[in-house]
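Now for the letters of each chain:
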Amino acid sequence: MIKKSNILICSVTLAALLSGCGTTGVQAPVVERHPSSSSAAASDPRDRDPAYYTVKRGDTLLRIALEHGQNYRDLVAWNDLSNPNDIKVDQVLRVLPPTGDAGGAQTSAIVMPPVTEVKPAAPVVPKKTGPRGEKRAYSDATLAELRADGGSSDAKPAPAPAAAVAAAPAAAAAAPAASAPGDDKISWMWPSEGKVIGTFDEGKNKGVDIAGKAGQQVVAAGAGKVMYAGSGIRGYGNLVIVKHSNSLLSAYAHNRSILVKEGQNVNKGQAIAEMGDSDADRVKLHFEIRQQGKPVDPSKFLPNR
């Protein structure tokens, strides 16, 4: 009887062991988790702050400066950059003044800061015979690199014109329909006389084109400070950019010669260039107004004529 009991106990035990070995429990998969770089970047509070900008592939300091309505020299100072041409993808840059309101764009009228380095007088470039390989697209801004390399290149200082080729149009103020505080105080005038042969068309033409004669006077459409004067941006020829406020810039392209230099203060109606056909198929002035770095229709700012 004892022997049979022992056999029964052994059989039950063996069956239990075999059952345990033949059954596999359902287990949660093991996943090795690593924080992704994108989540890490998104967690950086600076990425949500308009005072900061994360560098993307193809950016230049000049492009970034213009798109945020700043002078590239300020970006160099605010970010303590030793080499303005050496910025990296995913690098975070300050694009608004450290002492300003970092939570929003500054739009009040500005007093231009003193420039510590004055570039040589801006340049006269001979008539273009073909596109230059070293010129870069106006990514709304390649300016920083060009100016960091000592301004634009092969131009010679232009002599002051012996006489004005065309009288400056009568000045008249015209405020845009919607303007930032301070912008409506800027008085505008047409930058040159002549027939408008190209109007603003977002995506196709970033400004207006004005026909004229070679050497015809081009004047500052409003008072401000010369932010760029050179010929290093493909498609614009000899180009002058004037900063009027924290949010407004004006650009004057295809000039035969440039009569001002970077850092120079200019008055409304002051001659800044002579009309030409550099990087253009005919003599004309291409004129743009940019607000917060974005092209806007100049007709909303210029007076009727």
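Cut-offs applied
Residues numbered from 1 in each chain as written. Predicted model: local features only at pLDDT ≥ 70, side-chain atom pairs only at ≥ 80, totals over all residues. Heavy atoms only, no water. Helix = DSSP H or I, 4+ residues; strand = E, 2+ residues; numbered from the N terminus. Buried < 20%, exposed > 50% of the residue type's maximum accessible area, 1.4 Å probe, protein only. Polar contact = N/O pair within 3.5 Å; in protein donor to acceptor, adjacent residues only side chain to side chain. Phe/Tyr/Trp six-rings, centres within 6.5 Å; stacked < 30°, edge-to-face > 60°. Lys NZ or Arg CZ within 6 Å of the ring centre and 35° of its normal. Core = buried A, V, L, I, M, F, W, Y, C linked by side-chain atoms within 4.5 Å. Contact = heavy atoms within 4.5 Å.

**Some details on the environment of Ser192**
Within the fold, Ser192 resides in the loop between strand E5 (156–157) and strand E6 (196–198). Owing to a relative accessible area of 1%, Ser192 belongs among the buried residues under this scheme. The spacing of Ser192 and Ala220 is 28 residues in sequence and 8.9 Å in space, taken between C-alpha atoms. Looking at Ser192, its side chain comes within polar contact range of the main-chain oxygen of Gln217, at 3.1 Å.

**Observations regarding the packing of aromatic side chains**
Using the criterion set out here, one finds two aromatic pairs in the structure. Ring centres 5.8 Å apart and planes at 70 degrees place the aromatic pair Trp188 and Phe301 in the edge-to-face group. In this pair, Trp188 sits in the loop between E5 and E6 while Phe301 sits in the segment after strand E16 (294–296), placing the two residues 113 residues apart along the sequence. You can call Trp188 buried: its relative accessible area is 0%. Judged by its relative accessible area of 3%, Phe301 falls in the buried class. With a centroid separation of 5.2 Å and an interplanar angle of 55 degrees, the aromatic rings of Tyr252 and Phe287 are classed as tilted. Linking Tyr252 in strand E12 (residues 248–258) with Phe287 in strand E15 (residues 284–291), this pair joins segments that are 35 residues apart in sequence. Over the ring of Trp190 we find Arg305, and its NZ or CZ is 4.1 Å from the ring centre.

**Quick word on the nonpolar core**
Formed by 27 residues in total, the largest nonpolar core has its most connected members in Trp188, Val240, Tyr252, Ile272 and Phe287. Counting residues per element, the ones that place at least two in this core are strand E7 (208–211), strand E9 (224–230), strand E11 (238–243), E12, strand E14 (271–275) and E15. Those residues in contact with Val240 that lie beyond four places of it in its chain are Val226, Tyr228, Ser250, Ala251, Tyr252, Asn255, Ile258, Val260 and Ile272.

None of the figures reported here should be taken as evidence of function without further support.
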